[in-house]
Amino acid sequence: MGAAVLFAAAWLAAPPVLAQDAAQWLARVAQAARTLNYTGTVVYQSGPRVETFRLAHLNEGGQEWEKLLSLDGPAREIVRSGGEVRYYFPDAKIVRIEPRTFRNVFPSLSAEQIKNLAQYYAFRIVAGERIAGHTADIVVFEPKDGLRYGHKFWSDAATGLLLKARLLNEKGEVVEQFAFTDVAVNAKIDKDMVKPSWVPVPPDWQVKQGGGGEVVLNDTGWAVGKLPPGFAKIMEGFRTLRGKPNPVAHIVYSDGLVAVSVFVEPLTVTQTQVGLTQAGGLNVFSTRNDAFLVTVLGEAPPATVRQIAQSVSRK
Amino acid sequence: MNENISRLMDGELDDAELERCCNELKAEGAMQAWVCYHVIGDHLRGANGLSPGFAARFAAALAAEPTVLSPARRSHRPAAPATFAWAVAATLAAVSVVGWTAFSMVEVPPTAVAKAREATSVRAAQVKPPGGVPADYLIAHQEYSPATVIQGGGSYVRAVANTGVEPRP
């Protein structure tokens, strides 16, 4: 409610935007992130914590390379190339290799999803703020209920690249923010700029091959009793995760802008941690359900993931 | 007790609990836990803290100082046992291996945790990586989340950000 008031005050002058326009804006931003060549410094802010990363992205002949390097705190480096993401932790001498299947949901938002977006968020597009030296369009997704965060995005007016993104809670407070402080769009990106710093992986490092491959689409037998309105199931199946003897049920619900994942797996003695974990705009709620551990994770407020987790039951 | 010290440092105690906890701090070993948590906290905040044995050396140096004006001495606190410094080191090792992310991107080797556990009075829940949410979950989720598509490379930040989420025992 508070957020609604703040938003209304700030964007009183901006006319509401049609759902179709919002969907088009999302598609443009998603496309720009994938196809453009850019490099810059990203500041990530979550609560009182601020971290800085260097990001470089290269698309060459439809192939993507991307490198994210932490500039403060413990050294961390993430390199994405082809269908793979490598997480390097040089202090621990560990590299984690994950397959990455890219799914661009936006060009294919269904008419129903677009309708849902418009039903649960109000959009406004405001022109003309400068971010990292670029003229940005500001797009606001203002939630109409307390079950989702407010989103404010700044995209480069010229190219559509997302320059800044902010999540707001119902009080209008910033939950999390990503922002380029400097960025060169359509820059000449050298292959070296997107290559891992540790090639080949030094012999004294541990290589952790992650991922259990594709989801096997199936009815998992689990359902959410109190799904917040506007969320629709977009995937249901079983995954085999590394180190887990049993397949894990995975169901994803989305309101068109964010997603919430439900994971259910048999409880083992080592999994005793239940309750809420917050990581910036991501909230995770774990709870026991008989002999199962239910974990709900998504870019939604704590109350939303808790409500979903506590209403998971056998069909 | 240790939990209350931890909560005290986080500013989570109400007045009555605060009073009780301050009294409990006078108990045997309580100051060790207090110091231990502050050392952990300092490291997590990136303050590199003091070298091992600093407190003992400082106490010795202070004792060797000529006393100009001596206020009433409080009851003598015994020097921390030798295992203490190692216990802190082991605990920090476990933490630094984790990288202190909300998602257990790098699992703590069980031996490191076991060592930290046996070496210190800090309870297991407090040396565990916060949340302990499997990174596999996050990665599986991101594959489907529209937020990943909007933010591109920025979405990976969450997986490795130093969120400093405190575990709740």
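You'll find the structure just up there.
The structure presented is a predicted model; accordingly, all values stated were derived computationally and were not measured. (Residues numbered from 1 in each chain as written. Chains lettered and ligands numbered in written order. Predicted model: local features only at pLDDT ≥ 70, side-chain atom pairs only at ≥ 80, totals over all residues. Heavy atoms only, no water.)

Q: I'd like a description of the sheet that holds strand 4 (residues 77–81) of chain A, backed by residues and values.
A: Residues and elements named next belong to chain A. Reading across the sheet, the 12 strands line up as 7-8-9-10-11-1-2-3-4-5-6-12 and stay open at both edges, with mixed pairing between neighbours. In this open sheet, the two edge strands, each paired with only one partner strand, are strand 7 (121–131) and strand 12 (206–209). Across the sheet, the axes of successive neighbouring strands diverge by a mean angle of 15 degrees, strand direction being ignored. Of the strand pairs in this sheet, strand 8 (residues 134–143) and strand 9 (residues 150–156) are connected by six bridges, and their pairing is antiparallel. Among the inter-strand pairings, Ala136 is bridged to a residue of strand 9, identified as Asp156. The strands touched by helix 2 (residues 19–35) are strand 1 (38–46), strand 2 (49–60), strand 3 (63–70), strand 7, strand 8, strand 9 and strand 10 (162–168); relative to strand 2, the strand with the most contacts, the crossing angle is about 80 degrees. (Pairing = 2+ DSSP bridges. Helix = DSSP H or I, 4+ residues; strand = E, 2+ residues; numbered from the N terminus. Axes fitted to C-alpha atoms, helices over the stretch in contact; angles between N-to-C directions. Contact = heavy atoms within 4.5 Å.)

Q: How would you summarise helix 4 (residues 302–310) of chain A if you had to cite specific residues and measurements?
A: All names here are of chain A. Among the residues making up helix 4, those that are buried are Thr304, Val305, Ile308 and Ala309. In a view along the axis of helix 4, the buried residues occupy a sector of 130 degrees, so they form one face of it. Those residues of helix 4 hidden inside the fold are in contact with strand 14 (222–224), strand 17 (259–266), strand 18 (275–279), strand 19 (282–289), strand 20 (292–298) and strand 21 (312–314). (Buried < 20%, exposed > 50% of the residue type's maximum accessible area, 1.4 Å probe, protein only. Arc of directions from axis to C-beta.)

Q: Go over the environment of Leu167 of chain A, please, and point to the residues and values.
A: Its location among the elements puts Leu167 of chain A in strand 10. Take Leu167 of chain A: its relative accessible area is 5%, and that puts it in the buried class. Between the alpha carbons of Leu167 of chain A and Glu299 of chain A there is a distance of 9.2 Å; along the sequence they are 132 residues apart. Once you skip the residues sitting within four places of it in the chain, Leu167 of chain A turns out to touch Tyr149, Gly150, His151, Glu173, Val174, Val175, Glu176 and Gly281 of chain A together with Arg158 of chain B.

Q: Hey, could you go over the pairing of strand 6 (residues 94–99) of chain A for me, with residue numbers and the actual values?
A: All names here are of chain A. Across the six residues of strand 6, five count as buried, placing the element largely inside the fold. Direction of pairing for strand 5 (residues 84–89) relative to strand 6: antiparallel, over a ladder of six bridges. Note on strand 6: the bridge partner recorded for Val85 is Glu98. The pairing of strand 6 with strand 12 spans four bridges and is parallel. Across the sheet, the residue bridging to Arg96 is Lys208, located in strand 12.

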